[in-house]
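Results of the structural survey
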Amino acid sequence: MDTPKQNVCEEQVYNELFKTNSKTVFNYIYYKYGNEEKAYDVVQEAFIKLWENCKKVAPEKAKSFVYTVANNLYLNVLKAEKVRFKHAKDTLDVTHESPEFLLEEKQFKLKLEQALSDLPEIQRSTFLLNRIDGKKYKEIAELEGVSVKAIEKRMHLALKSLREKIDGI
């Protein structure tokens, strides 16, 4: 429906925004910061903030609003965690999987994860958005607020670094 006065406060418009953007916002935050559970929470909170501000946000600006809010919320989470991590370093590695499963999984992921984590954040997020989410350079450039050339350069540097660290990529 091409209603000229579409409003984010309309449930149908909001639902469509959530349906089309929540997964990519989640992936964007997850790829940037590497924590699935917290990324999920941040996405939920970002969409709640969109709903709370629905009268102030035009539908065409909603996607950008949600990405910005989600990123800012996660940055706040990181600030709070810095304090907590000083007091509780060794309590995070609790699991209920078998040792064999964990070993196989660890060996499989370790090399790639290390190589990805060694990348600067902007290269890592660009690489993952392109290679995992299938985003085009133009879409990534819009998300990051930079030129397509900047995204091409980030991708080139990320691939070069990954090739140096992992055979076969």
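So, a few notes on the structure that sits alongside this text. (Residues numbered from 1 in each chain as written. Predicted model: local features only at pLDDT ≥ 70, side-chain atom pairs only at ≥ 80, totals over all residues. Heavy atoms only, no water.)

Now for the packing of aromatic side chains. What characterises a pair of aromatic rings is the spacing of the ring centres plus the angle enclosed by the ring planes. Under the defined criterion, the tally for this structure stands at six aromatic pairs. Residues Tyr14 and Trp51 carry aromatic rings whose centres are separated by 4.9 Å and whose planes lie at 70° to one another, so their mutual orientation is edge-to-face. A residue pair is termed long-range when its members are at least 10 positions apart, and Tyr14 in helix H1 (residues 11-33) and Trp51 in helix H2 (residues 36-52) qualify at 37 residues. Given a relative accessible area of 13%, Tyr14 falls into the buried group. Take Trp51: its relative accessible area is 39%, and that puts it in the partly exposed class. Ring geometry for Phe18 against Phe47: centres 4.8 Å apart, planes inclined by 75°, an arrangement best described as edge-to-face. Of the two residues, Phe18 is situated in helix H1 and Phe47 in helix H2; the sequence distance between them amounts to 29 residues. On the basis of relative accessibility, which here comes to 28%, the residue Phe18 falls in the partly exposed class. (Phe/Tyr/Trp six-rings, centres within 6.5 Å; stacked < 30°, edge-to-face > 60°. Helix = DSSP H or I, 4+ residues; strand = E, 2+ residues; numbered from the N terminus. Buried < 20%, exposed > 50% of the residue type's maximum accessible area, 1.4 Å probe, protein only.)

This part is about the state of the cysteines. Any covalent bond linking the sulfur atoms of two cysteines counts as a disulfide. Tallied over the entire structure, the rule returns one disulfide. With a sulfur-sulfur separation of 1.8 Å, Cys9 is cross-linked through a disulfide to Cys54. Measuring handedness by torsion sign, the sulfur bridge of Cys9 and Cys54 sits at about 95° and is right-handed. Linking Cys9 in the segment before H1 with Cys54 in the loop between H2 and helix H3 (59-87), this pair joins segments that are 45 residues apart in sequence. Residue class for Cys54 comes out buried when judged on its relative accessible area of 8%. (Disulfide = S-S within 2.5 Å.)

A few words now on the nonpolar core. One recurring pattern in soluble globular proteins: nonpolar side chains tend to sit buried together. Ranked by size, the top nonpolar core spans 38 residues in total, and within it Val8, Leu50 and Phe127 carry the most contacts. For this core, the elements supplying multiple residues, two or more each, are H1, H2, H3, helix H4 (99-118), helix H5 (121-131), helix H6 (137-144) and helix H7 (148-165). Sequence-distant contacts of Val8, that is, excluding residues within four places in its chain, are made with Val13, Tyr14, Leu17, Leu50, Trp51, Cys54, Val57, Ala58, Pro59 and Ala62. (Core = buried A, V, L, I, M, F, W, Y, C linked by side-chain atoms within 4.5 Å. Contact = heavy atoms within 4.5 Å.)

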